[in-house]
Every structure is written in structure tokens, then in C-alpha cells.
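Chain residues, written in single-letter form:
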Amino acid sequence: MNTYLLWALVLGPVLIAEALLSRHEVLVYGAGLRTPLTQLPEGVPYARGADPDRPPAAYLVYLDGIGKRRVRDTRDGGQLVQAVLAGAPELRVLGQVQPYSPLADPLADRPVWAWLRRRIGLLLFLHNVMQVFVAADHRYRPLYNRAVGSQIGTQLQLAGYRPGSGVPVVLLSYSGGAQVATGAVEELYAQLRAPVVVITLGGFHNGANDLNHAEHVHQLTSVGDRIERVGTWIFPQRWRLFRRSGWNRAVRSGKVTVHRLDPATHLGPRSYISPEGLLPDGRSYLDHTTDTVIALVRAHCGETAVTDEPRP
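Quick look at the structure, then. (Residues numbered from 1 in each chain as written. Predicted model: local features only at pLDDT ≥ 70, side-chain atom pairs only at ≥ 80, totals over all residues. Heavy atoms only, no water.)

### Considering the packing of helix α3 (residues 78-87) against helix α10 (residues 285-300)
No. 1: Two elements in contact, α3 and α10, have axes separated by 10 Å at closest approach and are oriented at 55°. One element, α3, and the other, α10, form an angle in the oblique class. Crossing of α3 over α10 shows right-handed handedness. Taken together, the residues of α10 that come into contact with α3 (itself represented by Q79, L80, A83, V84 and G87) are L286, T289, T290, V293, I294 and R298.
No. 2: A class-by-class count of the residues in the contact of α3 with α10 yields six nonpolar, four polar and one charged. (Axes fitted to C-alpha atoms, helices over the stretch in contact; angles between N-to-C directions. Helix = DSSP H or I, 4+ residues; strand = E, 2+ residues; numbered from the N terminus. Parallel < 35°, antiparallel > 145°, perpendicular 65-115°, else oblique. Left-handed = near helix turned anticlockwise from the far one by under 90°. Contact = heavy atoms within 4.5 Å. Nonpolar A, V, L, I, M, F, W, Y, C, P; charged D, E, K, R; others polar.)

Right, dumping it as C-alpha cells:
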């Protein structure tokens, strides 16, 4: 009991401080006091995959879960990004976007956070959790969406995307990245006039963002994903009762299609991106997810057909 009390005394004030400070970055952006970073570390390309000298089949932007804290891919998405690159060389893939930083400032590169990471690594995850809720808060959501949408648009253009070219942009999001992906659609459409496809993988989002300019939304989910299910419970805009929410309007218009990845879980050895857990057909969970993502992207590029399960 003393141990739990000690943790409460240590983490309690930190959590309160984080909750109060979590809005700081989006407010700094809104006030114009700082502009988002665009320069990547030496040796990090703006995109990988297809040759930028000719238009790729599509640009895929990976928006990681709450483990994202640096430019390079983290444990949440590194293997998935690599698998997509290996399986679909015709795509141009961006994995450096910072979905939990309106200023595109990697968390792990900040001196204070680097110090905390060595001592209380859990705080980095808590920071990003708080950012998900800031992005979902109606007071800050429009500004947050514009900031990260602009960040994605800038990174796409630096990676060779030409506005108005008609090349599809696919936002592949894992967990809390879905809040950012659904929020970035309007800004990307305004900035690039790009056909935007959203793929959520265990998506945790509040359902409030306008998806009117999304070509389609593919919801990759599983009966074993409890974390995604929590999101459908705690956010009223995901309830069918709130018919005018962005999510429910998209569902009624036929823009949302469900793809089952049962029996995958959100985390652990049977997670969507686990290379160890095996399905009855011998594929790993990572292979199953990768195959599904690539098939969906190619379908929107007009190369293959995918069997869809319309959302009720």
C-alpha cells in the first residue's frame, strides 16, 4: 500500500501539471509565436519507397499510436511501415509526422523530456495521451486539426507531392493517431486538393471531425480490441444517437467500411502489428494487417478489388 501511495504522490502532481500544460503547444501555434519544424535530422528522408521522379501510385502517411516520440519510427509502427514498404514498392511512405505535436517537435529530442525518459519513461506516453484529448476537445480541435494537417501537407510536398495532381493520399493511423487522421482531412483537401483515404487501425477517436472531403474511411478493427471499444463508449459523437456528428454522417453516407482483423488485440503478442503471433493460415498478425492495408490502398489506386463489409 505504501508503494501505491508513493506512486500517487509522485505521479499525481505530474499528471495535473501535464493536463494543464498539454494545451501549451497548440496555443503557441495559434498565436503565431512559433512555426512548425520542417527540417528532418540528417540522414532521414522525407519519404521512402517509390522513386519521387515520377508520381507513385499513392502517398501513404503513417500516423503512429501514443508511442510516437521521435522522427524515426517507433515500436508502434516501425515494423508495419517496413512491411508496407516491402509489400508495395509502388507507394511513397512517410513515417516521420509527429501527430502529437502541433509544432512537429519530436518529444524525445526535447532536453527536459529526454531527462524524464531516462527516469520516468511512462510520462512520454502520458503526454501523448493528453494530446489525443486536446485534439478531441471542441475548444482546441479546429486549431489542432489545422496545425497537424498543415504539418502533413508540408511533409508531403517536401516528399514530392504536387498539389492538384490527383495522386491519392492515404492516412494510415494506429490507435490515437486516428483522432489526428480524421482531423487532418479538411486541411489536406484545402491545401493539396488531394483525394484523401483514411485507414484507422484500432482507431481511438471522438467521431467529431468532418469527413465530408474524405474519399473513404476504412475501419480496421477486431472483436479483441478493447481499447478501440473504449473510444466508442466514452465519446458521445460515436454513439448512434448523435446522428449529426462527423462520424455518423460519414457512416450514413456509406463512406465508412469495416474490415475485421479478428482475433487481433490492440496490444501484446496478438496485436495488429505483432510479427510473433500466428493465425490459422500461418500468417502473422502483422502480415494479415499489412496485406489488408496494401489491398485497400491498391483498390483506391484502381489496381485491385477488395471485399468490403459495409458498416450497419
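### Describing the pattern of salt bridges
Pairs can form between side chains of opposite charge whenever their charged atoms are close.
No. 1: The final tally for this structure, using the stated rule, is six salt bridges.
No. 2: R139 is the salt-bridge partner of D137, the closest N and O atoms lying 2.7 Å from each other.
No. 3: For D137, a relative accessible area of 17% gives the class buried.
No. 4: With a closest N to O distance of 3.6 Å, R249 and D210 form a salt bridge. Of the two residues, R249 sits in helix α9 (residues 246-252) while D210 sits in the loop between β5 (196-201) and β6 (214-221), which places them 39 residues apart along the sequence.
No. 5: Using a relative accessible area of 36% as the deciding quantity, one classes R249 as partly exposed. (Salt bridge = Lys/Arg side-chain N within 4 Å of Asp/Glu carboxyl O. Buried < 20%, exposed > 50% of the residue type's maximum accessible area, 1.4 Å probe, protein only.)

### Quick look at helix α7 (residues 177-192)
No. 1: Along its length, α7 reaches its greatest deviation from straightness, about 35°, at A184.
No. 2: Listed in full, the buried residues belonging to α7 are G177, A178, Q179, V180, A181, T182, G183, A184, V185, L188 and L192. (Bend = angle between axes of the 7 residues up to and from the residue.)

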